[in-house]
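If you want the building blocks of each chain, they are given just below.
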Amino acid sequence: MGDLPKYLGDAGTRAALLEKLLDHVYLSLVPLLVSVVLAIVLGLLCHRFRPVNAVLISLSNVVYTIPSLALFALIPAMIGTRVLDPVNVIIALTLYTTALLVRPVAEALAAVPSHITASATAMGFRPWRRFLTVELPLAVPVLAAGVRVGSVSNISLVSVGALIGTGGLGTLFTDGFQQRYLAPIIVGIVLTLVLALVVDLVLVLLRNRLTPWVRAGGAP
Amino acid sequence: MIEFRDVTKRFDDGTTAVNGLDLVVEAGTITVFVGPSGCGKTTSLRMVNRMIDPTSGTILVDGKDVLGVDPPTLRRGIGYVIQQAGLFPHRTVLDNVATVPLLTGWTRRKARQRAAELLELVGLPAELGHRYPVQLSGGQQQRVGVARALAADPPVLLMDEPFSAVDPVVREGLQDELLRLQAELDKTIVFVTHDIDEAIRIGEKVAVMRTGGFLAQYAPPAELLTRPADDFVAGFVGKDRGYRSLSFVDASGVEVAEVATVAADGGAQSSSDWRLVVDAEKRPQGWVAPDGTVVPGGSLYEVGASIRGALDAALSSPSGLGVAVDASGRLAGVVTARQVLDVIESRRG
């Protein structure tokens with residue numbers, strides 16, 4: 001523990017930590033954003049076409065059971081990227097998060113009461129506008145819950161990527177283990193936790209901003 | 001005007017929801033489609049704004065075949081009120097009402113201004129505009145539903161069992177409100193319900209439909225009650241249709257008599273007759289029995305209202321004397337059931 005001030009006292013170390021942190025943010029949040037978009041598209045397909053629903057839900061279950069390390073190693077073999085390319089991690093995490101989000105999105109869309117969709121149609125909404133301005137906003141609370149789980153899962157999984165040599169805070173663990181040096185490991189754990197908490201807080205604030213009607217509740 | 005010409009709707013599962021419907025909904029009237037479930041009343045309604053397309057036949061709105069119009073465009077010109085209101089939970093009341101104006105390209109500011117006018121029109125306080133639907137009572141939500149349907153000032157209004165999910169007292173208030181609005185706005189309204197009392201209460205014409213999609217009778221409500229076309233209609237309008245048909249006879253022929261009154265705070269001394277308790281404004285408050293006890297009064301009826309009210313006032317009064325009041329609720333006189341029945345008899349002759 002006494003190593004900690006010494007470790008953090010070095011300006012070069014601090015600069016390296018910041019770089020690793022930013023790498024970590026990039027590697028965990030890009031997949032999150034991409035998968036939200038993908039999950040909405042796939043969730044819509046599930047919602048509109050029953051057969052697609054059965055296939056996609058089973059497929060997403062299967063994807064989620066593949067171990068992350070295996071997936072990180074498999075992706076270069078499948079798409080021909082270099083083994084150490086950070087894109088591998090981004091693609092793998094996008095797959096996981098999309099798999100995680102498809103089902104809740106499809107279920108949230110199915111849960112929109114039929115009298116609400118019927119009244120939107122009867123008011124003269126065209127299908128796309130109805131989806132974007134009525135059905136999707138009503139699915140946000142469920143979607144947000146899934147995104148929060150996905151963000152935490154991504155932030156922790158990016159660390160595993162360090163084992164195959166991509167950047168991020170995970171390299172603090174691999175370095176620490178190799179050098180039998182505790183300080184980077186502790187700093188890595190603390191930064192990962194803080195990052196997860198901050199991202200979760202941002203997501204909660206964003207959700208609250210998008211869904212003021214959920215907390216309206218209460219007495220008439 | 002809405003015209004159904006030999007309209008049939010057969011669903012993919014083989015059921016026929018509507019069977020050769022020929023019917024004209026006159027402009028500026030409230031027409032009610034009523035019948036048991038499976039009679040095709042909602043299907044008929046939904047074919048007007050193309051929520052459902054007919055298998056065969058033609059539907060004309062103001063002389064124009066609805067099948068020739070792009071559905072969303074058609075729907076923006078036809079108001080629609082659905083069961084349970086169907087308000088958008090994620091939008092404020094004001095934005096819910098502004099829905100169709102916004103769809104048709106009004107600016108947000110202008111649409112909200114229009115929405116505020118409509119809230120006032122349906123009798124809702126302006127501050128409700130900034131609430132979300134979940135913060136409103138069922139009755140208030142239905143009023144918002146009506147306001148939303150009227151927002152773009154469509155000539156035609158379709159109402160699909162709009163008041164069925166609220167309790168009977170609120171429902172009666174909403175019905176009165178609709179009649180008041182209609183007197184002001186003069187829309188062509190098609191109203192679907194399974195409740196024959198509601199149909200008779202608000203309909204200028206009522207189409208009674210029968211399971212299988214057949215039109216059993218299309219007539220003004222008084223005629224349904226007094227001259228049902230067949231046993232189905234007679235059974236559907238109910239056992240007490242003779243009594244209910246009195247709703248359509250006015251009580252102007254019933255002469256009211258004077259009655260002894262006592263002030264509300266006056267002492268209750270015994271007397272040989274029943275005496276009516278009135279307050280300082282002469283509004284009836286109850287009765288004093290001959291033995292001096294004070295008992296609650298029966299129903300009141302307004303002079304010039306229906307003879308059904310007059311008869312009920314007499315039958316429900318503890319003294320046997322029905323109390324008539326004027327428009328401001330002041331005592332006008334009393335009638336007996338015998339008198340009312342005599343008037344009914346003489347009208348018959």
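Above this text is the structure in question.
Residues numbered from 1 in each chain as written. Chains lettered and ligands numbered in written order. Predicted model: local features only at pLDDT ≥ 70, side-chain atom pairs only at ≥ 80, totals over all residues.

### Observations concerning the packing of helix α3 (residues 50–65) of chain A against helix α5 (residues 86–110) of chain A
All names here are of chain A. Rule in force here: Every axis corresponds to a line fitted to the C-alpha atoms, with the helix fit spanning only the stretch in contact, and the corresponding angles, defined between N-to-C directions, vary from 0 to 180 degrees. Runs of E in the DSSP output that reach at least two residues are strands. Runs of H or I that reach at least four are helices, and both are numbered from the N terminus. Definitions for this section: a left-handed crossing has its near helix turned counterclockwise from the far helix by less than a right angle. A right-handed crossing has that turn clockwise. In this description, a residue-residue contact is defined by the distance between C-beta atoms placed from the backbone, which must lie within 7 Å. Gly falls in the polar group here, along with every residue not listed as nonpolar (Ala, Val, Leu, Ile, Met, Phe, Trp, Tyr, Cys, Pro) or charged (Asp, Glu, Lys, Arg).
Between α3 and α5, the shortest axis-to-axis distance is 9 Å and the interhelical angle comes to 140 degrees. In this structure, the crossing between α3 and α5 has a hand that is left-handed. Counted together, Asn-53, Leu-56, Ile-57, Ser-60, Val-63 and Tyr-64 of α3 and Leu-95, Tyr-96, Ala-99, Leu-100, Val-102, Arg-103 and Ala-106 of α5 form the full contact between these two elements. Split by residue class, the contact of α3 with α5 holds ten nonpolar, two polar and one charged.

### Focus on the interface of chain A and chain B
At the interface, 18 residues of chain A touch 22 residues of chain B. Of all the secondary structure elements, the ones that give two or more residues to the side of chain A that touches chain B are α6 (114–123) and α7 (127–161) of chain A. The element contributing the most residues to the side of chain A that touches chain B is α6(A), with seven residues. In the side of chain A that touches chain B, the residues fall into eleven nonpolar, six polar and one charged.

### So, helix α4 (residues 68–79) of chain A
Residues and elements named next belong to chain A. Where we set the bar: Helices are assigned an expected span. That span is 1.5 Å times one less than the residue count. Here a residue counts as buried when 20 or more other C-beta atoms sit within 10 Å of its C-beta, as exposed when there are 12 or fewer, and as partly exposed otherwise, the C-beta atoms being derived from the backbone. The directions from the helix axis to the C-beta atoms form the arc being described.
For α4, built from twelve residues, the straight-helix expectation of 16 Å at 1.5 Å per residue is met to within 8% by its first-to-last C-alpha distance of 17 Å. Within α4, burial applies to Ser-68, Leu-71, Phe-72 and Ile-75. Taken around the axis of α4, the buried residues stretch over an arc of 105 degrees, which confines them to a single face. When the buried face of α4 is taken as reference, the exposed residues oriented beyond 90 degrees from it are Ala-70 and Ala-77. Backbone geometry just downstream of α4 places Gly-80 in the positive-phi region, at approximately 75 degrees.

### Comments concerning the pairing of strand β7 (residues 156–160) of chain B
Residues and elements named next belong to chain B. Rule in force here: By this definition, two strands are paired if DSSP reports at least two bridges between them. Handedness of a crossover is defined as follows: with both strands directed away from the viewer, a clockwise route from the first strand across the helix to the second makes it right-handed.
Most of β7 is tucked away, with five of its five residues classed as buried. Burial of β7 is two-sided: the residues Val-156, Leu-158 and Asp-160 facing one way and the residues Leu-157 and Met-159 facing the other way are all buried. Strand direction decides the pairing type here: strand β6 (residues 78–81) and β7, joined by four bridges, are parallel. Each residue of the ladder has a partner; that of Tyr-80, found in β7, is Leu-158. Here five bridges tie β7 to strand β8 (residues 188–193), and the two strands are oriented parallel to one another. Within β8, the residue paired with Met-159 across the bridge is Phe-191. A crossover connection joins β7 to the parallel β8 through helix α7 (residues 168–185); in handedness this β-α-β unit is right-handed.

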